[in-house]
Amino acid sequence: MKIRYYFMSMALMAVASVSFTACDDDDPVDEPVYVIGGDKSDSDIKLSADTIRVKIGEANRAAIPVESSTGTVQAFSLNPDVAEVVMVDGVPMVEGFKNGLAGVMVSDADNNYKKLTVSVYTTDVMEVSHTSFTFTTPLGGSSTNNEASVTLGNGGYTISSDNAAVRATIDEETGAIAITATSRVDPFTAILTVKDASGLSATIAVTVEATFDPFTPEQIQNILALDESAVWGDCKDPSDGNTPYYYGWRDWGYGAWVNTTEDGKQFLGWWCESYGSDLGGLKIEYPVGTAVNKEVSGKLYFQYSNIAWYSCYTYDGTVTLLEDNETRTVVIFNQVDTQNQRLNRGYVVLYK
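All figures in this text were calculated on a predicted structure; none of them were measured in a lab.

A.B. asks: I'd like a description of the packing of aromatic side chains, backed by residues and values.
C.D. replies: This model, assessed by the stated rule, comprises 14 aromatic pairs. A centroid spacing of 5.9 Å and a plane angle of 85 degrees characterise the contact between Tyr-247 and Trp-257, whose relative ring orientation is edge-to-face. With Tyr-247 in the loop between strand S19 (230-234) and strand S20 (256-262) and Trp-257 in strand S20, this residue pair connects regions lying 10 residues apart in the sequence. According to the relative accessible area criterion, Tyr-247 is buried, its value standing at 9%. Taken together, a centroid distance of 5.4 Å and an interplanar angle of 65 degrees make the contact between Trp-249 and Tyr-254 edge-to-face. You can call Tyr-254 partly exposed: its relative accessible area is 26%. Three or more aromatic residues joined by ring pairs form one cluster here, namely Tyr-245, Tyr-246, Trp-249, Trp-252, Tyr-254 and Tyr-304. Of note, Arg-250 hangs over the ring of Tyr-247, and the distance from its end group to the ring centre comes to 4.0 Å. Sitting over the face of the ring of Trp-271, Lys-283 holds its NZ or CZ atom 4.8 Å from the ring centroid.

Here's what the structure looks like:
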């Protein structure tokens, strides 16, 4: 059987050989056979760089960095809105139109292709409106400044800070900057670093100092200008605001103004008790008979709510009676908390 199959295979091979070599009298003798790609040389187009930077403007056109190629080089842009290829004296050049990245396909006479990445930019130097700021806030307090901005750059802006006590945000397109600084016991300087899409950078030095005065003269005048009873506190507790939770409901019958004396102590503020529950408030304690504009030892009581939130917090500190007459009493409180690096403070304005 093996011999039989062997002879059959030999016969088929012979027939196949005749079929491949036979030709008509009309067929050309020794006609060449062309293989796709057979004429292509082993050469390849080479670029001296895969990425180039091109500044916006006709005067800043850049040559395509071709190191070697076969025949004439041609190119076209994949992102003509960012950069376009223009012919200058028969040489393809790249012209940038707006900040961003563009792809350029480059080819030669052998149909070899390479992709070139073009980074289009506006400027080689970044500039910012301010190179330094100084913030002064009550200890532990924060302040925000919106004056800074990028005045010259290439867009795609980011900003970072080397100190968690200074935070900053930046508009990616316009370069507008907002800086928020929180003071500490000791003065310090943080460095903000602004970068753009092309890798340029600039820095802003932010110096932060603390004041241990609870209220500025302007804030004192604003407190004295209030024409109705008010309470306000800024202290270290987990509350969601600077006024007691139920304070806004006082017109609905919740809570009551406090103006009482006990054991030689004066208590002034607003507190809420409803259906037998102590819902919280704010009040300041100081000695009975305290003179106006004299600093004395006292306490601040603050409770946001004890239904589901927080306990009552008590702070020992300094009280100053700003005004006390038949019409109203105005009192402020402060405590310097160096351990938590903050100034706990508050005020009560009570019309009688």
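A.B. asks: Pulling in residues and values, what's your account of the sheet that holds strand S14 (residues 158-161)?
C.D. replies: If you walk across this open sheet you meet the four strands as S11-S18-S17-S14, and the pairing is mixed. Every interior strand has two partners, whereas the edge strands, strand S11 (132-138) and S14, have only one. Each strand axis lies, on average, 25 degrees off the axis of its neighbour in the sheet, ignoring direction. In terms of strand pairing, strand S17 (residues 188-195) meets strand S18 (residues 201-211) through eight bridges, oriented antiparallel. Bridge pairing in S18 places Ile-191 opposite Ala-205.

A.B. asks: Which residues make up the pairing of S19, and what are the values?
C.D. replies: Along S19, five of the five residues are buried, which leaves the element largely enclosed by surrounding structure. Going residue by residue along S19, you find Ala-230, Trp-232 and Asp-234 tucked away on one face and Val-231 and Gly-233 tucked away on the opposite face as well. Looking at chain direction, S19 and strand S26 (residues 342-351) are connected through five bridges and run antiparallel. When the sheet's bridge partners are listed, Val-231 is paired in S26 with Val-348.

A.B. asks: Tell me what's going on with the pairing of strand S24 (residues 313-324), and back it up with residues and numbers.
C.D. replies: In this sheet, S24 lies alongside strand S23 (residues 295-303) in antiparallel orientation, the contact comprising eight bridges. Counterpart to Leu-300 in the pairing with S24 is Tyr-315. With six bridges connecting them, S24 and strand S25 (residues 328-337) associate as antiparallel partners. If you follow Glu-323 over to S25, its bridge partner there is Val-330. Taking the residues between adjacent antiparallel strands as the criterion, S24 and S25 are bridged by three residues.

A.B. asks: So what's going on with the sheet that holds strand S2 (residues 51-55)? Residues and values would help.
C.D. replies: The mixed open sheet is built from four strands, whose spatial order is S2-S9-S8-S5. Two strands lie at the open edges of the sheet, namely S2 and strand S5 (74-77), each paired on one side alone. The average angle at which neighbouring strand axes cross in this sheet is 30 degrees, direction not considered. In this sheet, strand S9 (residues 113-121) lies alongside S2 in parallel orientation, the contact comprising five bridges.

Rules and cut-offs
- Residues numbered from 1 in each chain as written.
- Predicted model: local features only at pLDDT ≥ 70, side-chain atom pairs only at ≥ 80, totals over all residues.
- Heavy atoms only, no water.
- Phe/Tyr/Trp six-rings, centres within 6.5 Å; stacked < 30°, edge-to-face > 60°.
- Helix = DSSP H or I, 4+ residues; strand = E, 2+ residues; numbered from the N terminus.
- Buried < 20%, exposed > 50% of the residue type's maximum accessible area, 1.4 Å probe, protein only.
- Lys NZ or Arg CZ within 6 Å of the ring centre and 35° of its normal.
- Pairing = 2+ DSSP bridges.
- Axes fitted to C-alpha atoms, helices over the stretch in contact; angles between N-to-C directions.

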